[in-house]
Amino acid sequence: MDALDSVIDPLRDFAKDSVRLVKRCHKPDRKEFTKVAFRTAIGFVVMGFVGFFVKLIFIPINNIIVGSG
């Protein structure tokens, strides 16, 4: 019985925590949604520029390494 409780207790706690989380959630209003969407878009743009510049720097380095071999 102890082995069964060690399996069921974590599942019961997870279910209880999940229900509590869902009850606390709310639908964002227009202002909150716009703020989150704008910050997410900025993050995408910043990560795109970082990836672009890393690729821009490493293409010539790769060509030098591969070209000299």
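Refer to the structure printed above.
Residues numbered from 1 in each chain as written. Predicted model: local features only at pLDDT ≥ 70, side-chain atom pairs only at ≥ 80, totals over all residues. Heavy atoms only, no water.

## A look at the overall build of the protein
The line we're drawing: Secondary structure follows DSSP: runs of H or I at least 4 residues long count as helices, runs of E at least 2 residues long count as strands, and numbering of each begins at the N terminus. Buried residues are those whose accessible area, probed at 1.4 Å on protein chains only, stays under 20% of the maximum for their type, while exposed residues exceed 50% and partly exposed ones sit between those limits. To measure how exposed things are, a 1.4 Å probe is used in the Shrake-Rupley method; for residues, cover is taken only from the protein chains shown. Charge assignment: positive for Lys and Arg, negative for Asp and Glu; neither His nor the chain ends contribute. Charge positions are represented by NZ for Lys, CZ for Arg, CG for Asp and CD for Glu.
When its secondary structure is counted, the protein shows two helices and zero strands. Considered along the principal axes of its C-alpha atoms, the protein spans approximately 70 × 45 × 5 Å. Counting across all 69 residues of the protein, residues that qualify as buried make up 0%. If you sum the accessible surface of the protein, you get close to 6800 Å²; carbon and sulfur atoms cover 71% of it. A gap of 16 Å separates the mean positions of the 11 positive and 7 negative side-chain charges of the protein.

## A word on the packing of aromatic side chains
Rule in force here: Whether two aromatic rings pair depends on their centres lying within 6.5 Å, for rings of Phe, Tyr and Trp, where Trp uses its six-membered ring; planes under 30 degrees apart make the pair stacked, over 60 edge-to-face, and the rest tilted.
Applying the stated criterion across every chain yields a total of two aromatic pairs. An angle of 20 degrees between the planes, with centres 6.3 Å apart, marks the rings of Phe 49 and Phe 53 as stacked. With a gap of four residues between them, Phe 49 and Phe 53 both fall in helix 2 (residues 30–67), about one helical turn apart. A relative accessible area of 44% places Phe 53 in the partly exposed class. Three or more aromatic residues link up through ring pairs in this structure, and these residues are Phe 49, Phe 52 and Phe 53.

## A short note on a nonpolar patch on the surface
Applicable threshold: A residue counts toward a patch only above 30% relative accessible area and without a salt bridge, and it is joined to like-charged neighbours within 9 Å or, for Val, Leu, Ile, Met, Phe, Trp and Tyr, to nonpolar neighbours within 5 Å. For this analysis, a salt bridge means a side-chain nitrogen from Lys or Arg found within 4 Å of a carboxyl oxygen belonging to Asp or Glu.
Taken together, the side chains of Phe 38, Ile 42, Val 46, Val 50, Val 54, Ile 57, Phe 58, Ile 61, Ile 65 and Val 66 present a nonpolar region at the surface, about 940 Å² in accessible area. Along the chain, Phe 38 turns up in helix 2. Note on Phe 38: relative accessible area 56%, which makes it exposed.

## Looking at the pattern of salt bridges
Scanning all chains against the criterion turns up two salt bridges. Notably, a salt bridge pairs Arg 12 with Asp 9, separated by 3.2 Å at the nearest N-O pair. On the criterion of helical spacing, the pair formed by Arg 12 and Asp 9 is a turn pair, its members being three residues apart in helix 1 (residues 2–24). Asp 17 is the salt-bridge partner of Arg 20, the closest N and O atoms lying 2.7 Å from each other. Taken together, the residues span about one helical turn, with Arg 20 and Asp 17 both in helix 1 at a distance of three residues.

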